[in-house]
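So you can see what is in the structure, the chains are spelled out below.
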Amino acid sequence: MNRVDTTAPRDWRSRLPEGVRPYTEAAPLAAFFLGVSSGFPYAMIGATLTTRLAQDGLDKKSITAFSLAFLVYNLKFLWAWIVDGVRIPVLGRLGQRVSWLLVAGAFVMAAVANLALVDPSASLLWTAYAAVLVGVAGATFDIVIDGYRIELLKPRQLGVGSGMSQYGWRIGSVAAGALALVLAARVGWEVAYLACAVFALPAMLTGLVMGEPERHHEPAQRRGFSEAVRAVYGPFTEFFQRQGAFLVLLFILLHKVGDTLANLTLRLLFDDMGYTNDQIAIYDVGVGFWAYLIGIFVGGVLYSKLGMKRSVLISLILMAVSNFSFAALAQAGPINWGMAGAIGFENFASGIGGVTVVAYFSALCDLRFTASQYALISAAASVVGRVLTGTTAGALVETFGYVNFYLLTTLAAVPGIVLFWLMMRAGLIDASVGTAGTEESRGSAQEGA
């Protein structure tokens, strides 16, 4: 009887294709639900808010300036050490990561509800404050989710877990964005935003079900001021002591400039081309969603067959080419199949990059400072693009037009590609990997013994 119980799960998985089996393990499945909750705050202050402001009659410069709310995500490394080291009273008994998942999730829900209740036509200032608050809450939620995800996954699961996290992120952002569009057209933006707040629940419930990760390293007791200060700068000094750390950081800063510039202006393009909310939901959300899922699967295959370095390089090239497709769409005009093709290719390329690049960034972390270091990495990954988008994107579109603007975003992706290729040749990619990419959990070590 015991023999049957023990082998049943293994027999069930053995019937699946070999490439699919890792996706059925508990940790990658948990990464999926974490990704769902991680993606939705981004949608609330990204494409969804852009559409809301455009329909309220705001000019392009004012709308793109709202993307500066995303800069909060780029500052999250400043308080990530709190998530790593500060224990929450009472709830802390559930574990460091689980307790912070619950608190940060509640914070996000409250911030989204607050954004639902502001009226952009009555006060742009209060709308900006509300968007920044969602950014702060979403960034804090991301700090916790990323730390929890990386520590929950074993090194061999980082690629699969990154893919599942990206599946979840896209489903969360797309579902929240589509739900907001559909509800806004029927019952108003206030109800739409309030309904989307429930997307915080998957991560909160995942933490309660899965519990504290085995690979989580509890912070040392900090009894003095010097120990507290060390908790703040320790994650940074550890990272920058590695070979080629500054080149790695430069790559992180540059690799997504073109992609960020392009993606945060797409809804302006679609609105100016005359697409309706329903058409955007079908082509941008519908076609893009399935293309992204396919891209993630292809990214997993490339990662397993070609390894981390070559798969990342291929994904960087594809993401640069995807920006060119929007220049072609702007030149061709409002053709439904053209929009579907451009959106489909962009999401396909982003899906591949979501597996390969996120797996590499996750492997860079030291398990003693998981949340802090990944916060630094993920914040740096888009800061340049977000600053340029918020300060110049609207003006560049108005000055050069959409065709030339998207050609510029294609060129902006080239430095990151070249730098990564040079890092490959110098051996800096392997040298930069931290313990998150090498150390198994204590339970795994015991099982191996």
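In this report, we go over the structure that sits alongside the text. (Residues numbered from 1 in each chain as written. Predicted model: local features only at pLDDT ≥ 70, side-chain atom pairs only at ≥ 80, totals over all residues. Heavy atoms only, no water.)

Another aspect to go through is the pattern of salt bridges. Going through the model one piece at a time under the given rule, you end up with six salt bridges. Arg242 is the partner of Glu238 in a salt bridge, and the nearest nitrogen-oxygen pair spans 2.9 Å. We note that Glu238, like Arg242, is buried. The residue Asp366 makes a salt bridge to Arg368 at a minimum N-O spacing of 3.0 Å. The partly exposed category is assigned to Arg368, whose relative accessible area is 49%. Each member of the salt-bridge network shares a partner with another, and the members are Asp84, Arg97 and Glu151. (Salt bridge = Lys/Arg side-chain N within 4 Å of Asp/Glu carboxyl O. Buried < 20%, exposed > 50% of the residue type's maximum accessible area, 1.4 Å probe, protein only.)

With that settled, consider helix H18 (residues 370-380). The periodicity of an α-helix, 3.6 residues per turn, causes residues three or four positions apart to be oriented the same way. H18 sits mainly inside the fold: eleven of its eleven residues count as buried. Inspection of H18 places Thr370, Ala371, Ser372, Gln373, Tyr374, Ala375, Leu376, Ile377, Ser378, Ala379 and Ala380 among the buried residues, and these make up the whole buried set. (Helix = DSSP H or I, 4+ residues; strand = E, 2+ residues; numbered from the N terminus.)

For any two helices packed against each other, the geometry comes down to the angle between their axes and how far apart the axes lie. In the contact formed by helix H2 (residues 26-45) and helix H11 (residues 201-210), the axes pass within 6 Å of each other and the chain directions differ by 150 degrees. The pairing of H2 with H11 is recorded here as roughly antiparallel in orientation. Judged by residue contacts, Ala26, Ala27, Ala30, Phe33, Leu34, Val36 and Ser37 of H2 engage Leu201, Pro202, Ala203, Thr206 and Met210 from H11. (Axes fitted to C-alpha atoms, helices over the stretch in contact; angles between N-to-C directions. Parallel < 35°, antiparallel > 145°, perpendicular 65-115°, else oblique. Contact = heavy atoms within 4.5 Å.)

Right, let's get into the packing of aromatic side chains. Applying the stated criterion to the full structure yields 13 aromatic pairs. With a centroid separation of 5.8 Å and an interplanar angle of 40 degrees, the aromatic rings of Phe326 and Tyr406 are classed as tilted. Here Phe326, found in helix H16 (residues 277-332), pairs with Tyr406, found in helix H19 (residues 383-412); they are 80 residues apart in sequence, far enough to count as distant. Each member of the pair, Phe326 as well as Tyr406, carries the same accessibility label: buried. Aromatic side chains Tyr360 and Phe420 sit 6.2 Å apart centroid to centroid with 80 degrees between the ring planes, which places their arrangement in the edge-to-face category. One end of the pair, Tyr360, is in helix H17 (residues 336-363); the other, Phe420, is in helix H20 (residues 414-426), with 60 residues separating them in the sequence. The burial state of Tyr360 is the same as that of Phe420; both residues are buried. Here the aromatic residues Phe251, Tyr360, Phe361 and Phe420 are joined through ring pairs into a cluster of three or more. (Phe/Tyr/Trp six-rings, centres within 6.5 Å; stacked < 30°, edge-to-face > 60°.)

Nothing here speaks to function; it is all geometry.
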